[in-house]
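Structure at a glance
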Amino acid sequence: MDVGGVGYRVAIPLSTFYRIGEPGVEVTLLTHTHVREDALALFGFLTEAEQALFERLIAVSGVGPKLALSILSGIEAPDLVAALRSSDVIRLTRIPGVGKKTAERLVLELKDKVQGLAASEAEAPAASPAGSAKEDLVSALVHLGYSRAEAERGVDRALKDDGTGRFEDLLRLSLRILSGR
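Points about the overall build of the protein chain
The number of helices and strands found in the protein chain is nine helices and five strands. Secondary structure elements of the protein chain occur, N-terminal to C-terminal, as β-β-β-α-β-β-α-α-α-α-α-α-α-α. Here the protein chain holds 181 residues, and the buried ones make up 36% of them. Across the protein chain, every contact between residues at least 6 apart in sequence was considered, and the portion connecting residues at least 24 apart equals 54%. When the accessible surface of the protein chain is summed, it comes to about 10,500 Å², and 52% of that surface belongs to carbon and sulfur atoms.

Thoughts on the pattern of salt bridges
What the rule picks out here adds up to four salt bridges. Taking the shortest distance from any N to any O, the salt bridge between arginine 36 and aspartate 38 comes out at 3.0 Å. Arginine 36 sits in the partly exposed class, given a relative accessible area of 46%. Note that lysine 100 is salt-bridged to glutamate 104, the shortest N-O span being 4.0 Å. In this pair, lysine 100 and glutamate 104 are both assigned in helix H6 (residues 100-110), four residues apart and thus about one turn of the helix distant. We classify glutamate 104 as partly exposed; its relative accessible area is 37%.

Notes on the pairing of strand S4 (residues 30-35)
Here S4 pairs with strand S5 (residues 40-45) via six bridges, running antiparallel. Of the residues in S5, the one forming a bridge with valine 35 is leucine 40. The hairpin turn running from S4 into S5, its antiparallel successor, is four residues long.

Overview of the packing of helix H7 (residues 133-143) against helix H9 (residues 167-179)
Between H7 and H9, whose axes approach to 10 Å, the crossing angle comes to 50°. Between H7 and H9, the angle falls in the class oblique. In the packing of H7 onto H9, the handedness of the crossing is right-handed. Contact residues: Ala133, Asp136, Leu137, Ala140 and Leu141 in H7; Phe167, Leu170, Leu171, Ser174, Leu175 and Leu178 in H9. Considering only residue class, the contact of H7 with H9 consists of nine nonpolar, one polar and one charged.

What counts, and where the lines are drawn
Residues numbered from 1 in each chain as written. Predicted model: local features only at pLDDT ≥ 70, side-chain atom pairs only at ≥ 80, totals over all residues. Heavy atoms only, no water. Helix = DSSP H or I, 4+ residues; strand = E, 2+ residues; numbered from the N terminus. Buried < 20%, exposed > 50% of the residue type's maximum accessible area, 1.4 Å probe, protein only. Contact = heavy atoms within 4.5 Å. Areas by Shrake-Rupley, 256 points an atom, 1.4 Å probe, with all protein chains shown as cover. Salt bridge = Lys/Arg side-chain N within 4 Å of Asp/Glu carboxyl O. Pairing = 2+ DSSP bridges. Axes fitted to C-alpha atoms, helices over the stretch in contact; angles between N-to-C directions. Parallel < 35°, antiparallel > 145°, perpendicular 65-115°, else oblique. Left-handed = near helix turned anticlockwise from the far one by under 90°. Nonpolar A, V, L, I, M, F, W, Y, C, P; charged D, E, K, R; others polar.

Spelled out as structure tokens, the structure:
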């Protein structure tokens, strides 16, 4: 991220990445500065709800900023709030990096601390237009290491199989197609 000619490395969840826009576009991120003995790291979010969830997640014993970012990348903020409030441990364990014990700890410590956060998700900027959904999917797969041709092939098949799905579902389907499952 370039701020007044100074470059900063800001880690963001996938949900922010997909809504942030094209490179070079001016964007405002809410940031959390995480200070450790050996490092200083910035974490950015488009909405206050995501930032608040991140800060609550890292307050849980055994959940650091990288896992919190992974959690926010693996589930949309309103879905995370719903899973925590309903004690849905199974849903939480589907998130990469979250095992049963961590999911149970998250529910135990956050169940009553996430009220009101799902409502503030309505302030999120609008998602990118539907016409660029294919390009967004291809871009995500290329960033994950697939060649552009492979990515386009997987996305085309995923869109053919489920052209009305949410971005996250289409990405998962594309990955399944590309992995041969």
